[in-house]
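Geometric and topological summary
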Amino acid sequence: NAGVTQTPKFQVLKTGQSMTLQCAQDMNHNSMYWYRQDPGMGLRLIYYSASEGTTDKGEVPNGYNVSRLNKREFSLRLESAAPSQTSVYFCASSEGTGFDQPQHFGDGTRLSIL
Amino acid sequence: QKEVEQNSGPLSVPEGAIASLNCTYSDRGSQSFFWYRQYSGKSPELIMFIYSNGDKEDGRFTAQLNKASQYVSLLIRDSQPSDSATYLCAADDSGGYQKVTFGIGTKLQVIP
């Protein structure tokens, strides 16, 4: 059972380049999330999708866009990468149908912007 | 801004002792609380969650919730070196339970 799969696992970009981080879940979950994790800052929500067809901003959405392609897939796009976006990015999913539904995380993407 | 506060540590305990990890939250409407363990360089993995006042036990782990004090704790009994990790506390968002707010995590070191 794969759970939440993120690609790529590592990426180095130059300032101004664009890229898309991919996330797919096979648990038939309704809700999906993108977080970034920086030292001393904890996990911060970038965007989330409560259900297929909807997306909403989280705490730190600037510089990012998302697409909920279908129920399984939720992608995160950096249009013009900046060094401040160097971070570890985690995708997560949850059933999202009740208040006691935990989130399940992918292995993360380690992104460096030079 | 909804907040979940944790002491970043490190918290050092000897092997076999009880480790006590604490968390406070600002959103009085939060209903569910989650504890995740994160090993260095790895992703967070769920240990347990709690939504009723009192204690919830799962093996060596006990989560405690006091909504009146807006306080959540995680006790790890018979701590092992393999428990050395960062423990993240999270509280759901009363404005929409699909979202949670995470604390920065407490780093636990179990000394053999």
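Residues numbered from 1 in each chain as written. Chains lettered and ligands numbered in written order. Predicted model: local features only at pLDDT ≥ 70, side-chain atom pairs only at ≥ 80, totals over all residues. Heavy atoms only, no water.

Turning our eyes to something else, we now look at unusual backbone geometry. The amide bond that connects A:Thr7 to the next residue, A:Pro8, takes the cis arrangement and shows omega of -10°. Relative to the assigned elements, A:Pro8 resides in the loop between strand S1 (4-7) and strand S2 (10-13). Cis peptide bonds are those with omega within 30 degrees of zero, and the linkage from B:Gly9 to B:Pro10 qualifies with 10°. Examined against the element boundaries, B:Pro10 turns out to sit in the loop between strand S1 (4-5) and strand S2 (11-14). Positioned with a positive phi, B:Gln70 is a non-glycine residue whose angle comes to about 55°. Counting through the fold element by element, B:Gln70 comes out in the loop between strand S7 (61-66) and strand S8 (71-76). Backbone geometry at B:Asp78 places phi at a positive 50°, although glycine is not the residue there. If you trace the backbone, B:Asp78 turns up in the loop between S8 and strand S9 (85-92). (Helix = DSSP H or I, 4+ residues; strand = E, 2+ residues; numbered from the N terminus.)

The next thing to look at is the nonpolar core. Among the nonpolar cores identified, the biggest contains 23 residues, and B:Trp35, B:Val72, B:Leu74, B:Ile76 and B:Tyr87 are the most heavily contacted of them. Residue assignment for this core shows that the elements contributing at least two residues are strand S3 (19-25), strand S4 (33-38), strand S5 (45-50), S7, S8, S9 and strand S11 (106-111) of chain B. Those residues in contact with B:Leu74 that sit more than four places away from it in its chain are B:Ala19, B:Ser20, B:Leu21, B:Trp35, B:Ile47, B:Met48, B:Phe61, B:Thr62, B:Ala63 and B:Tyr87. Counting residues in hydrophobic clusters, the runner-up holds 20 residues, among them A:Leu13, A:Met32, A:Val60 and A:Val66. (Core = buried A, V, L, I, M, F, W, Y, C linked by side-chain atoms within 4.5 Å. Buried < 20%, exposed > 50% of the residue type's maximum accessible area, 1.4 Å probe, protein only. Contact = heavy atoms within 4.5 Å.)

Our focus in this paragraph is the interface of chain A and chain B. Contacts between chain A and chain B engage 25 residues on the former and 22 residues on the latter. Between chain A and chain B, the buried area comes to about 1,800 Å², and carbon and sulfur atoms account for 59% of it. The tally of links between chain A and chain B comes to four residue pairs in polar contact (both at pLDDT 80 or more). For the side of chain A that touches chain B, the elements supplying multiple residues, two or more each, are strand S4 (31-38) and strand S5 (42-49) of chain A. Counted by class, the side of chain A that touches chain B contains eleven nonpolar, ten polar and four charged residues. (Buried area = accessible area lost by both parts, 1.4 Å probe. Polar contact = N/O pair within 3.5 Å; in protein donor to acceptor, adjacent residues only side chain to side chain. Nonpolar A, V, L, I, M, F, W, Y, C, P; charged D, E, K, R; others polar.)

Let's shift gears to the packing of aromatic side chains. One pass over the structure, following the stated rule, counts twelve aromatic pairs over all chains. Centroid distance A:Tyr33 to A:Tyr48: 6.3 Å. Interplanar angle 15°. Geometry classified as stacked. Remark: A:Tyr48 occurs in strand S5 and A:Tyr33 occurs in strand S4; sequence separation between them is 15 residues. The ring of B:Phe49 has B:Lys56 lying over it, and the distance from NZ or CZ to the ring centre is 4.2 Å. B:Arg60 extends its terminal NZ or CZ atom over the ring of B:Phe61, reaching a point 5.5 Å from the ring centre. (Phe/Tyr/Trp six-rings, centres within 6.5 Å; stacked < 30°, edge-to-face > 60°. Lys NZ or Arg CZ within 6 Å of the ring centre and 35° of its normal.)

Moving on, we get to the sheet that holds S1(B). Strand order in the open sheet formed by five strands is S1-S3-S8-S7-S6 (chain B), and the pairing between neighbours is antiparallel. Unpaired on one side and paired on the other, S1 and strand S6 (54-58) of chain B mark the two borders of the sheet. (Pairing = 2+ DSSP bridges.)

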